[in-house]
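Observations on the model geometry
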Amino acid sequence: MAGTLYLIPVPLGPTSPQDSLTPAVLATIRPLSHFVVEQAKTARAFLKAAGTDKPLQELQLSELNEHTKADALSQLLAPLLAGNDVGLLSEAGCPAVADPGANLVALAQKQNIRVVPLIGPSSLLLALMASGLNGQRFAFQGYLPAKEVERTKTLRELESESRKRHQTQLFIETPYRNRAMFDAILGSCQPGTRLTVATDLTLPGETVRTLSVQEWKKQTPPDIERRPTVFLLLA
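In short, a report on the structure. Throughout this description, residue numbers start from 1 for each chain and increase along the sequence as written. Under the rules for a predicted model, residues below a pLDDT of 70 receive no local features and side-chain atom pairs below 80 are neither given nor counted, while totals for whole chains, interfaces and linings still include all residues. Computation of side-chain values: all heavy atoms of the structure, hydrogens and water removed.

Here we look at the overall build of the protein
Applicable threshold: The secondary structure listing takes helices from DSSP runs of H or I that are at least 4 residues long and strands from runs of E that are at least 2 residues long, numbered from the N terminus. Burial status follows relative accessibility: with a 1.4 Å probe on protein chains alone, a residue under 20% of its type maximum counts as buried, one over 50% as exposed, and anything between as partly exposed. Pairs of residues are marked as contacts when any of their non-hydrogen atoms sit within 4.5 Å. The accessible surface values rely on the Shrake-Rupley method and a 1.4 Å probe; as for residues, cover is taken only from the protein chains in view. Here Asp and Glu are counted as negative and Lys and Arg as positive; His is not counted, and neither are the chain ends. To locate a charge, the coordinates of NZ of Lys, CZ of Arg, CG of Asp or CD of Glu are taken.
If you tally the helices and strands in the protein, you get 10 helices and 10 strands. Seen through its principal axes, the protein has C-alpha atoms that stretch 55 × 35 × 30 Å. Expressed as a percentage of its 235 residues, the buried residues of the protein come to 46%. Summarising the internal contacts of the protein: among those between residues at least 6 apart in sequence, 75% fall at separations of at least 24. A total accessible area of about 12200 Å² is found for the protein, and carbon and sulfur atoms account for 50% of it. For the protein, the distance from the average site of its 24 positive side-chain charges to the average site of its 22 negative ones is 5 Å.

This is how it looks when you write it as structure tokens:
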């Protein structure tokens with residue numbers, strides 16, 4: 001019988017797993033000896049803090065990231081097919097959401113392997129909860145184009161879709177380009193469109209603020225450079 005693939009959430013920043021994860025999640029992690037992770041070094045640090053039944057050097061960690069080739073995914077399933085439970089870790093937040101782990105989950109589903117998502121912090125849902133925007137109808141767009149012309153075109157398309165469907169649009173950016181994204185939104189979207197900037201969620205410097213584009217233009221720009229941020233807009 002195949003093992004179970006556990007989708008293990010990770011704190012969104014340098015906080016203790018005990019502060020972000022439930023006792024039940026921590027209890028699920030501890031007996032596992034096989035893990036699929038984005039980066040072995042940071043995964044070991046998380047597992048050391050979370051606590052494991054076996055010494056760290058005895059744990060088997062396989063990496064799955066943007067450099068992993070598609071034909072290597074089947075090898076990552078081998079421990080599961082051999083009957084071992086496996087934990088899938090992202091670098092932060094919930095695995096398989098804006099995360100290469102989604103490819104492994106898809107393959108596990110095809111193989112009828114049991115997949116169990118565990119409860120933990122999701123920056124996307126936390127931002128939506130605190131935004132005051134439409135939580136009944138929303139869409140996550142991932143990363144928008146980095147080039148200015150394409151980014152502007154995409155922002156206007158998302159704003160138009162938001163207005164048409166009364167749908168909240170969520171997206172993220174590489175932290176060092178957050179300010180450029182913020183400026184692009186103010187330069188591309190209509191004055192009445194509401195924009196939420198949610199930064200450092202669950203961390204000591206957490207801020208979540210919603211204003212119209214027109215109101216944002218009157219404010220001092222938020223301090224978001226190189227800080228994990230989720231952007232949400234509703235036209």
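Moving on, there is more to tell.
As for the packing of aromatic side chains
Heads up, the rule is: Note on ring pairs: Phe, Tyr and Trp rings are taken, using the six-membered ring of Trp, and paired if centres are within 6.5 Å. Classes follow the plane angle, with under 30 degrees stacked, over 60 edge-to-face and the rest tilted. Whether a charge lies above a ring is judged from NZ of Lys or CZ of Arg, which has to be within 6 Å of the ring centre and within 35 degrees of the ring normal.
Using the criterion set out here, one finds two aromatic pairs in the structure. Ring geometry for Phe171 versus Phe231: centroids 5.9 Å apart, planes at 20 degrees, classification stacked. You can see Phe171 sitting in strand E7 (residues 168-172) and its partner Phe231 sitting in strand E10 (residues 229-234), a full 60 residues away along the chain. Judged by its relative accessible area of 0%, Phe231 falls in the buried class. Judged by centre distance (5.4 Å) and plane angle (85 degrees), the rings of Phe182 and Trp216 are edge-to-face. With a gap of 34 residues between them, Phe182 in helix H9 (residues 178-188) and Trp216 in helix H10 (residues 213-216) connect regions that are remote in the sequence. Both residues of the pair, Phe182 and Trp216, belong to the buried class. Directly above the ring of Trp216 sits Arg209, whose terminal nitrogen or CZ lies 5.9 Å from the centroid.

Section: helix H7 (residues 123-131)
Heads up, the rule is: In this context, the arc is that of the directions from the helix axis out to the C-beta atoms.
Residues of H7 that are buried: Leu124, Ala127, Leu128 and Ser131. Take H7 and look down its axis: the buried residues cluster within an arc of 100 degrees, on one side only. Lining the buried residues of H7 we find strand E6 (138-143), E7, strand E8 (194-199), strand E9 (207-212) and E10. One or two positions beyond H7, positive phi appears at Gly132, with a value near 80 degrees.

Topic: the pairing of E8
So the rule is basically this: Here, a strand pair is defined by DSSP locating no fewer than two bridges between the strands.
Of all six residues in E8, five are buried, a share of seventy percent or more. Here E8 pairs with E9 via six bridges, running antiparallel. Across the sheet, the residue bridging to Thr199 is Thr207, located in E9. With six bridges joining them, E8 and E10 adopt antiparallel strand pairing. Each residue of the ladder has a partner; that of Leu195, found in E10, is Leu233.

Observations regarding the layout of surface pockets
Rules: A cavity, in this analysis, means grid points on a 1 Å lattice covering only the protein atoms where a 1.4 Å probe fits yet has no way out; a pocket is instead an open set bounded by protein on both sides within 12 Å along at least five of seven lines, and a residue lines either one if it has an atom within 4 Å of a point. Grid points are joined across faces, edges and corners, and a volume is the space filled by probe spheres set on the points. For this classification, Asp, Glu, Lys and Arg are treated as charged, while Ala, Val, Leu, Ile, Met, Phe, Trp, Tyr, Cys and Pro are nonpolar and the rest, including Gly, are polar.
In this model, the largest pocket occupies a volume close to 760 Å³. Contributing to the lining of the largest pocket are 29 residues, with Ala92, Ala98, Ser123, Tyr143 and Ile172 lying nearest its centre. With four residues, H7 is the single largest residue contributor to the lining of the largest pocket. The calculated volume of the second largest pocket comes to roughly 220 Å³. Around the second largest pocket, the lining is made up of 17 residues, and of these Val10, Pro11, Thr42, Phe46 and Glu91 lie nearest the centre. Residue contributions to the lining of the second largest pocket peak at five residues, all from helix H3 (residues 40-50). A breakdown of the residues in the lining of the second largest pocket according to their chemical character gives 11 nonpolar, five polar and one charged.

Remarks on the pattern of salt bridges
Applicable threshold: Just to be clear on terms, a salt bridge is a Lys or Arg side-chain nitrogen sitting within 4 Å of an Asp or Glu carboxyl oxygen.
If you walk through the whole model with that rule in mind, you get seven salt bridges. Two residues, Glu157 and Lys153, come together in a salt bridge whose shortest N-O distance is 2.6 Å. Placement of the pair is Glu157 and Lys153 together in helix H8 (residues 148-165), with a separation of four residues, close to one helical turn. Of the charged contacts, one joins Glu173 and Arg177 as a salt bridge, the two residues approaching to 3.4 Å between their closest N and O atoms.

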